[in-house]
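Notes for the structure review
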Amino acid sequence: MNFRTLKELSERCRESGLSIGRLMLQQQAKESGREEAAEFATMKEYYGIMKDAVHNGLTRDTTSRSGLTGLDAQRVAAYNESSEPSLGGDAGRAMAYALAVSEVNASMGRIVATPTAGSCGIIPGVFVSSQERFGWDDDIMTEALFAAGAIGYVIANNSFVSGAEGGCQAEVGSAIGMAAGALAELRGGTPEQAVHAVGLALKNTLGLICDPVGGLVEIPCIVRNGFGAVTALAAADMALAGVRSVIPSDEVVQVMLEVGAAMPEKHRETAGGGLAQTPTGKKLMEDLRKKKRR
């Protein structure tokens, strides 16, 4: 890649006159040795899987094998339709879609890790709901996935995207930043605005621990995906309104690295602390162990 930081990414776009998504497609094709059309076709297939996961999460039984989670996306979707939600229709839809994909993951369905399975609902939640709202076709959404990929590439190479390494800030936080930056570009923002959206998003998740109950990607992972989709929408809107990340986005990424490295091991996907070690969390874990012994 001809960029290593978000600042360099923005500069390469300005120099070339390309969007973040188009620049990433060009660079990925160069690195892989494949034609751009082939890279684009593969990414478009991934987007199709994301849309299928949204649909499946809203229409099928997503009860997980543990029995701890499932069907919350359908509850939220029904509430959005039958009541006057505080959040509002479009944001509520993004939240429901993000929950849907995360529940498909927990129930052993097919998803795309973006950037991980634990954060797989955020980008589809934001992308599919926005596509329905604004009428963009799949090619536009596919190019936006390359934009999200460029942002994820920078984060992964300068910090973490793994909860085991850097806590949930690394998984859910990175996904929120990727979705926010890509959405800012989709809505007509400049590469600079997209980069500010990333910084604004990441700031809001710094220090978020990874504390899955029973070591399963269910509690609290699924609801964090729902909240994450809403945060991504907010970050994109702030950036498009002219709000800037006063701390440069690359510095925010470095802070995420610093915070993740300092995070106790019990708060990094080990189920040794946080919600996993509450009285209820421990009881759920013990109940699951008893089930396995039967």
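Residues numbered from 1 in each chain as written. Predicted model: local features only at pLDDT ≥ 70, side-chain atom pairs only at ≥ 80, totals over all residues. Heavy atoms only, no water.

1. Topic: the overall build of the protein chain
- The secondary structure content of the protein chain amounts to 13 helices and zero strands.
- Structurally, the protein chain occupies a C-alpha span of about 60 × 45 × 40 Å along its principal axes.
- Buried positions account for 51% of the 294 residues belonging to the protein chain.
- Within the protein chain, counting contacts between residues at least 6 apart in sequence, those at least 24 apart form 74% of the total.
- Roughly 12900 Å² of accessible area belongs to the protein chain as shown, and the carbon and sulfur atoms make up 52% of that amount.
- In the protein chain, the 29 positive side-chain charges and the 34 negative ones have mean positions that sit 7 Å from each other. (Helix = DSSP H or I, 4+ residues; strand = E, 2+ residues; numbered from the N terminus. Buried < 20%, exposed > 50% of the residue type's maximum accessible area, 1.4 Å probe, protein only. Contact = heavy atoms within 4.5 Å. Areas by Shrake-Rupley, 256 points an atom, 1.4 Å probe, with all protein chains shown as cover. Lys, Arg positive; Asp, Glu negative; His and termini not counted. Charge placed at Lys NZ, Arg CZ, Asp CG, Glu CD.)

2. Section: the pattern of salt bridges
- Summed over the entire model, instances satisfying the criterion amount to 13 salt bridges.
- A salt bridge links R34 to E39; the shortest N-O distance between them is 3.6 Å.
- One salt bridge connects D287 with K283, and the closest N-O pair in it is separated by 3.0 Å. Taken together, the positions of D287 and K283, both in helix 13 (residues 279–293) and four residues apart, correspond to about one turn of that helix. (Salt bridge = Lys/Arg side-chain N within 4 Å of Asp/Glu carboxyl O.)

3. Things to note about the environment of R289
- Relative to the helices and strands, R289 is located in helix 13.
- We classify R289 as partly exposed; its relative accessible area is 40%.
- Along the sequence, R289 and E265 sit 24 residues apart, while their C-alpha atoms lie 23 Å from each other.

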